[in-house]
Every structure is written in structure tokens, then in C-alpha cells.
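The primary structure of each chain is shown beneath.
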Amino acid sequence: MLGEAGGQVKDAARKAGKAVSNVTPPVVKEGLEMMADAALVPVARQAVHLLELVTDWTTELSDPEKVLEHHRAAGRDVARLADLKDLDLEHLDDFSRTMALRWRTSGALQGGAMGVLAMVPFAGGLAAITLDMVVMHVLSTAVATRVCYAYGFDVNDSEMSHLVDRMVVRAYRNQASKVDTTRRAGAAFNVAKDRVRWSQKLRDDHRLMAAVEKLMKQFANGRTVPVDKVAKAMPVIAVIAGAGTNAYVLGDVVRQARRYAQTLHLAEKYGLPVPENLRHQADRD
């Protein structure tokens, strides 16, 4: 019986693993192909590898059997997700305790890679931003799904499907500033990298560069800072914006999903009412 159930779970996980490839917009794939003649071909290749890695992670996180294996290894008799609801909260917390730290690290690496990709000429910036949002959508969904499993909840249940949707929307809201910064950094880098002289138009059109120039002047005791030197700072800004935001977003998804699932677990186990702000009706906005 367990073997048959395990086979079904693995089949579902394999299907989930195709998520990134299926939802990646054509503009991303075309953008990566357009970089074939660019100097930063290795960056495009790394983006492809990143997609493969995210696909593997999606498969891993979408497999509830991994959670059950953890508890069986600890000597707990569980055959299906529903059995986890009989366990104490401290046992359930063991599985997800370090998830926030792990996914903050993974988010930083992924966001940094996308920041570099945004500097690639032509379609690079658009491809990087679109690819980054796709990857973060898939990872946010998969991470929230894993947290649901960790507390014995099936994501096909309407209450938990609502939790996953809520976490994904929250993740999108938290990425707005990163997208704007990455776009502006990429545009400024590509406009200024071959420039020799500053112009007022360059400063007006690319205020991010003007702000970095002003900052660098302070460290140079007011001396003029060459355009190319400021341009070289743009990839650093994109990397910092991408790494910092994605690290926060994925860590936040884990933390918020854990609190939500912990509260629902305790409410169900002890017959307590679910707090008003966690019910469906609280999300009308």
C-alpha cells in the first residue's frame, strides 16, 4: 500500500518539476538565445543552469513523501500527511525549523545571478527580470507547499490552497522595488559603459547613476568620477538588489507560512477558533 502511494507521489512530483519550463515566457527563452553572440554568453548559460536547479527544487519541495520520511526516520509511525496532525507541534517544527535560513541563502544566490544577467545587452535586462519573477513565483509556491506538508496539510484542500495563494501574492508585493532598481541599473550600465564624458542628459535620464556618482565623489574628496567607473557599479547594485530582496522574500514566505500552519494545526488539534485575520474573508483586498 505504501509503495503504491509512494509511486503516485513521485509521479505527481515529476509533473510539478516541469513547472518552470512550462511557465517560462517565450521572451525569456528568446532573450537567452539572442545572447549567443554577446560577450556574456557564460552568464546566459548560468541562467539556463539556474532554471534546471529550480526545476529540481520544485520537484523536491512538491513531494510530501520527503516530509513523511523525515518523521519515519525519527521513529514516528506516519503513513500519510493526515497522520502528522496527531503529532506534537514541537515534532512538526523540527522539520521546518531551518527552512527560512536555507531559503534566504538560496534566494540570495538566485537574486544575485539575475542581477548579473540584467547587465547583458539587448534582451538581457527584460529576460533577467522576467526570468527572476517566474523563478520566484515557482519557488514561493513550492516553498509554501512544503511548509503545508510539514504540518500535515494537503495543498489541494481549499484552506491550504488559500495559504499558498496568500504567500505568493505577498512575495510579489515584496519584489516591486527590486524590479525597478534592476531595470534602472541595467539601462544605465548599457548606456554608459562606452561613454567617456558625463552630460547633464545622462544624469537626468539615469538618476541612479547620478546618485552613485554623487556618493563616489564624497569618497574622492569632491574630485570628478569617470563615467566608466560609475557604470561598473551598476552590476553591483543590481546584484545587491536582487540578492537582498530574494533572500528576504523566500525567508518571509517560510516564516509567514509556518506561523499560519502552526496556528491552524493548534486550532484543529485543540478545537480552537481560527483567528479572524487568517480566515478567507480577511483577504478581500
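Keep in mind that this is a model prediction, so the values were computed, not measured.

### Re the overall build of the protein chain
A tally of regular secondary structure across the protein chain gives 14 helices and 0 strands. Scored against the burial criterion, the 285 residues of the protein chain give a buried share of 47%. Sequence-distant contacts, at least 24 apart, represent 74% of the contacts inside the protein chain between residues at least 6 apart. Summed over all atoms, the accessible surface of the protein chain reaches about 14900 Å², with 55% contributed by carbon and sulfur.

### Looking at the nonpolar core
For soluble globular proteins, the rule of thumb is that nonpolar side chains tend to be buried together. Membership of the largest hydrophobic core comes to 43 residues, with the highest contact counts inside it found for L84, W103, V143, C148, Y151 and F153. At the level of elements, α4 (41–61), α5 (65–73), α6 (89–96), α7 (99–117), α8 (124–150), α9 (158–173) and α14 (233–270) are the ones that each hand at least two residues to this core. In terms of nonpolar packing, the next biggest core, distinct from the first, is built from 17 residues, F189, A192, A233 and I237 among them.

### What to know about the environment of S96
Along the chain, the position of S96 falls in helix α6. When the C-alpha positions of S96 and R255 are compared, they lie 9.5 Å apart, and in sequence the two are 159 residues distant. S96 has contacts with A150, Y151 and R258, leaving out every residue within four places of it along the chain. Within polar-contact distance, the side chain of S96 engages the side chain of Y151 at 3.0 Å. There is a polar contact of 2.8 Å between the side chain of S96 and the side chain of R258.

### Structural notes on α5
Those residues of α5 lying buried are E65, V67, L68 and H71. Burial along α5 is one-sided: seen end-on, the buried residues are contained in an arc of 155°. Taken from the residues just after α5, G75 is the one with a positive phi, measuring 85°.

### With respect to the confidence of the model for the protein chain
Across the protein chain, the average pLDDT comes to 77, with 73% of residues at or above 70. Within the protein chain, the element-level pLDDT minimum falls on helix α1 (residues 2–16), averaging 38, and the maximum on α5, averaging 93. Confidence over residues 35–40 falls short of pLDDT 50; this stretch has 8 contacts with residues more than four positions distant or in other chains. Here residues 281–285 is modelled with pLDDT under 50, and outside its nearest four sequence neighbours on either side it reaches 5 contacts, counting other chains as well.

### Digging into helix α12 (residues 207–219)
In this model α12 runs 19 Å from its N-terminal to its C-terminal C-alpha over 13 residues, within 8% of the 18 Å that 1.5 Å per residue would give. The complete set of buried residues in α12 reads L208, M209, A210, V212 and E213. Within two residues after α12, N221 carries a phi angle of roughly 55°, on the positive side.

### A few points about a nonpolar patch on the surface
A surface patch of nonpolar side chains, amounting to about 300 Å² of accessible area, comprises L266, Y270 and L272. Relative to the helices and strands, L266 is located in helix α14.

### Quick notes on the pattern of salt bridges
When the charged atoms of two side chains lie near each other, side chains of opposite charge can form a pair. Inspection of every chain in the model, using the stated rule, returns 11 salt bridges. In this structure, D94 and R76 form a salt bridge, with 4.0 Å as the shortest nitrogen-oxygen distance. Separated by 18 residues along the polypeptide, D94 in helix α6 and R76 in the loop between α5 and α6 bring together distant segments of the chain. D94 sits in the partly exposed class, given a relative accessible area of 40%. Salt bridges sharing common partners tie together R76, D94 and R97.

### Considering unusual backbone geometry
Positive phi, close to 55°, is recorded for N221, a residue that is not glycine. In this fold, N221 is placed in the loop between α12 and α13 (227–231). With relative accessibility at 68%, the residue N221 sits in the exposed group.

### Comments concerning the side chain of E213
Looking at where E213 falls in the secondary structure, it is placed in helix α12. The buried category is assigned to E213, whose relative accessible area is 5%.

### Topic: the packing of α5 against α6
Taken N-terminus to C-terminus, the directions of α5 and α6 make an angle of 120°; their axes are 11 Å apart at the nearest point. By the criterion of interaxial angle, the relationship of α5 to α6 is oblique. Handedness of the α5/α6 crossing: right-handed. Contacts between α5 and α6 involve K66, V67, H70 and H71 on the former and, on the latter, H91, L92, D94 and F95. Here the residues of the contact of α5 with α6 are counted per class, giving 3 nonpolar, 3 polar and 2 charged.

About the thresholds
- Residues numbered from 1 in each chain as written.
- Predicted model: local features only at pLDDT ≥ 70, side-chain atom pairs only at ≥ 80, totals over all residues.
- Heavy atoms only, no water.
- Helix = DSSP H or I, 4+ residues; strand = E, 2+ residues; numbered from the N terminus.
- Buried < 20%, exposed > 50% of the residue type's maximum accessible area, 1.4 Å probe, protein only.
- Contact = heavy atoms within 4.5 Å.
- Areas by Shrake-Rupley, 256 points an atom, 1.4 Å probe, with all protein chains shown as cover.
- Core = buried A, V, L, I, M, F, W, Y, C linked by side-chain atoms within 4.5 Å.
- Polar contact = N/O pair within 3.5 Å; in protein donor to acceptor, adjacent residues only side chain to side chain.
- Arc of directions from axis to C-beta.
- pLDDT = per-residue confidence, 0-100.
- Expected span 1.5 Å × (residues − 1).
- Patch = residues over 30% accessible without salt bridge, like charges linked within 9 Å, V, L, I, M, F, W, Y side chains within 5 Å.
- Salt bridge = Lys/Arg side-chain N within 4 Å of Asp/Glu carboxyl O.
- Axes fitted to C-alpha atoms, helices over the stretch in contact; angles between N-to-C directions.
- Parallel < 35°, antiparallel > 145°, perpendicular 65-115°, else oblique.
- Left-handed = near helix turned anticlockwise from the far one by under 90°.
- Nonpolar A, V, L, I, M, F, W, Y, C, P; charged D, E, K, R; others polar.

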